[in-house]
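Okay, here's what each chain looks like letter by letter:
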Amino acid sequence: MSLDTEFDPSEGLISPDYEKLDLQLPERAVYAFLSEARIGSYIEIRGGKLIGHLPTTMKNIPIWIVNDDGEDVAVMEAPLGAPASVITQERLFAYGVEKMLMISCCGTLVDMPENTFLPVERAYRDEGTSAHYMPASHFIELDPKPLSKIEALFMDLGIFVEPCTT
């Protein structure tokens, strides 16, 4: 494995809001690595409204707003692959998002209860996009404060929680 030894925090050559879309997104967003149909079901249940699209090379990704206890939350499908996902995240931040919850679903290679919630507490960084955002290291650690809140919330709902490393 190769790790870059220098980190350059300066601004890039292309701004993430280069297309100057007429989008003003709320502070909070859910970035879902799920199908458009699954996201659509959630939007329908929550009474969400379509506020725009984020153009990408693959498709125009719908951006929805749902209300969560009086606060607007943007919801959108995340493109697969680190480069596509990261540039899309940068664009969402450029249009107003400050906090993002990324969600997905997966299978496991070990036996655990169905519908177990697996919050990531740290992630292995081998190569690719993460090296462009922080100084070199083998792992990145999640802030433990949100993780403990997430664990408590799901445990209160009776959902098994198993923090993991990815």
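Note that the structure is predicted; figures quoted are calculated from it, not measured.

1. With respect to the sheet that holds strand S7 (residues 139-141)
Taken together, 3 strands build an open sheet; the order of strands is S7-S6-S8 and the sheet is mixed. At either end of the open sheet lies a strand with only one pairing partner, and these are S7 and strand S8 (164-165). Here strand S6 (residues 120-124) runs beside S7; their pairing, made up of 3 bridges, is antiparallel. Each bridged residue has a counterpart across the sheet, and for Arg-122 the counterpart in S7 is Glu-141.

2. Considering the environment of Ala-29
Here Ala-29 shows up in strand S1 (residues 28-32). Residue classification places Ala-29 among the buried residues on the basis of a relative accessible area of 7%. As a C-alpha pair, Ala-29 and Gly-96 span 67 residues in sequence and 9.7 Å in three-dimensional space. What Ala-29 contacts, discounting residues up to four positions off in sequence, is Val-73, Ala-74, Val-97, Lys-99, Met-100 and Leu-101.

3. Details of the nonpolar core
Counting residues in hydrophobic clusters, the biggest one holds 15 residues, and the most contacted among them are Leu-25, Ile-63, Met-76 and Leu-92. For this core, the secondary-structure elements that each account for two or more residues are S1, strand S3 (60-68) and strand S4 (71-77). Excluding anything up to four places from it in sequence, Ile-63 contacts Leu-23, Leu-25, Lys-49, Leu-50, Ile-51, Gly-52, His-53, Leu-54, Ala-74, Val-75, Met-76 and Leu-92. If you look at the next biggest cluster of nonpolar residues, it comprises 8 residues, including Leu-34, Ile-39, Val-66 and Val-75.

4. Here's the deal with the pairing of strand S2 (residues 49-55)
Summarising the sheet, S2 and S3 pair through 6 bridges and their orientation is antiparallel. The partner of His-53 across the bridge, within S3, is Pro-62. Hairpin connection of S2 to S3: 4 residues between the antiparallel strands.

5. Side note on the environment of Tyr-31
Positionally, Tyr-31 belongs in strand S1. For the pair formed by Tyr-31 and Ala-74, sequence separation is 43 residues and the distance between their alpha carbons is 8.3 Å.

6. Observations concerning the pairing of S6
On a regular strand, each side chain points to the face opposite its neighbour's, so the side chains alternate between the two faces of the sheet. In terms of strand pairing, S6 meets S8 through 2 bridges, oriented parallel. In the sheet register, Val-120 faces S8, and the bridge partner there is Cys-164.

7. Topic: the packing of aromatic side chains
With the rule as written, the count across this model stands at 3 aromatic pairs. Summarising the aromatic geometry, the rings of Phe-117 and Phe-154 are spaced 4.0 Å apart at their centres and angled 5 degrees between planes, so their arrangement reads as stacked. Separated by 37 residues along the polypeptide, Phe-117 in the loop between strand S5 (99-103) and S6 and Phe-154 in helix H3 (residues 144-156) bring together distant segments of the chain. Phe-117 sits in the partly exposed class, given a relative accessible area of 23%. Residue placement shows Arg-122 over the ring face of Phe-139; its charged tip is 3.7 Å from the ring centre.

Cut-offs applied
- Residues numbered from 1 in each chain as written.
- Predicted model: local features only at pLDDT ≥ 70, side-chain atom pairs only at ≥ 80, totals over all residues.
- Heavy atoms only, no water.
- Pairing = 2+ DSSP bridges.
- Helix = DSSP H or I, 4+ residues; strand = E, 2+ residues; numbered from the N terminus.
- Buried < 20%, exposed > 50% of the residue type's maximum accessible area, 1.4 Å probe, protein only.
- Contact = heavy atoms within 4.5 Å.
- Core = buried A, V, L, I, M, F, W, Y, C linked by side-chain atoms within 4.5 Å.
- Phe/Tyr/Trp six-rings, centres within 6.5 Å; stacked < 30°, edge-to-face > 60°.
- Lys NZ or Arg CZ within 6 Å of the ring centre and 35° of its normal.

Worth remembering: the numbers are spatial, not functional.
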